[in-house]
Amino acid sequence: MLHALLLITAVESLIVTAANDRPHLAVMALLGVLSNFTAFVWYCRDSDAVGYRRSLGLNIAVILAGPFGVAYYLVRSRPKGSRLRALMRLLGFVCMLIGASALGTVTGAMLT
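What this report covers is the structure whose coordinates are included nearby. (Residues numbered from 1 in each chain as written. Predicted model: local features only at pLDDT ≥ 70, side-chain atom pairs only at ≥ 80, totals over all residues. Heavy atoms only, no water.)

Once that is clear, we can look at the pattern of salt bridges. The tally for this structure, following the rule as stated, stands at 2 salt bridges. Here Asp-46 makes a salt bridge to Arg-78, at a shortest N to O gap of 2.8 Å. Remark: Arg-78 occurs in the loop between helix 4 (67–77) and helix 5 (83–111) and Asp-46 occurs in helix 2 (residues 25–50); sequence separation between them is 32 residues. In this pair, the class of Asp-46 matches that of Arg-78, namely buried. When the shortest N-O distance is used, the salt bridge between Arg-54 and Asp-48 registers 2.9 Å. Assessed through its relative accessible area of 55%, Asp-48 is described here as exposed. (Salt bridge = Lys/Arg side-chain N within 4 Å of Asp/Glu carboxyl O. Helix = DSSP H or I, 4+ residues; strand = E, 2+ residues; numbered from the N terminus. Buried < 20%, exposed > 50% of the residue type's maximum accessible area, 1.4 Å probe, protein only.)

Written out as structure tokens, the structure reads:
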């Protein structure tokens, strides 16, 4: 799931750059929905794996607030002693997302 999120981020940046910052709105909306859906599926699978009961509010936070909702979920779902490690892994993944976005941007610039 997380690999798919990295790929979606790179493709989104590539499309924006290749379209000279004027991408087709429907394509960008589709990629945004796909990105949120992928993150939500990861959250559902992870919460099932750790036995955490999801709430409606947290479901909405994960979809609308992205990394902030996931960070809150990680703090709530992980036992003491492993919360910081989970947050550091999230920070590492956010850095990977930034790298994927930069890769997509560079690739898009090379194509134009």
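This next bit is on the packing of helix 1 (residues 2–18) against helix 2. Viewed as axis vectors pointing N to C, helix 1 and helix 2 meet at an angle of 165 degrees, and their least axial separation amounts to 9 Å. With respect to each other, helix 1 and helix 2 are oriented roughly antiparallel. For the pair helix 1 and helix 2, the sense of crossing is left-handed. Contacts from Leu-2, Ala-4, Leu-5, Ile-8, Val-11, Glu-12, Ile-15 and Val-16 in helix 1 reach Val-27, Met-28, Leu-31, Leu-34, Ser-35, Thr-38, Ala-39 and Trp-42 in helix 2. Along the lines of polarity and charge, the residues of the contact of helix 1 with helix 2 split into 13 nonpolar, 2 polar and 1 charged. (Axes fitted to C-alpha atoms, helices over the stretch in contact; angles between N-to-C directions. Parallel < 35°, antiparallel > 145°, perpendicular 65-115°, else oblique. Left-handed = near helix turned anticlockwise from the far one by under 90°. Contact = heavy atoms within 4.5 Å. Nonpolar A, V, L, I, M, F, W, Y, C, P; charged D, E, K, R; others polar.)

Listed in full, the 12 residues of the largest apolar core are Trp-42, Tyr-43, Cys-44, Tyr-52, Leu-58, Val-62, Val-70, Ala-71, Tyr-73, Leu-74, Ala-86 and Leu-90. For this core, the secondary structure elements donating two or more residues are helix 2, helix 3 (56–65), helix 4 and helix 5. Considering every element that reaches this core, the biggest residue donor is helix 4, with 4 residues. Those residues in contact with Leu-58, other than ones at most four positions away along the chain, are Tyr-43, Tyr-52, Gly-69, Tyr-72 and Tyr-73. Core analysis: the second largest hydrophobic core is formed by 7 residues, Leu-5, Leu-6, Ala-39 and Phe-93 among them. (Core = buried A, V, L, I, M, F, W, Y, C linked by side-chain atoms within 4.5 Å.)

Here helix 5 contains 29 residues, and its C-alpha end-to-end distance of 42 Å stays within 8% of the 42 Å for a straight helix at 1.5 Å per residue. Within the sequence span of helix 5, burial applies to Ala-86, Leu-90, Phe-93, Leu-97, Ala-100, Gly-104 and Gly-108. Those residues of helix 5 hidden inside the fold are in contact with helix 1 and helix 4. (Expected span 1.5 Å × (residues − 1).)

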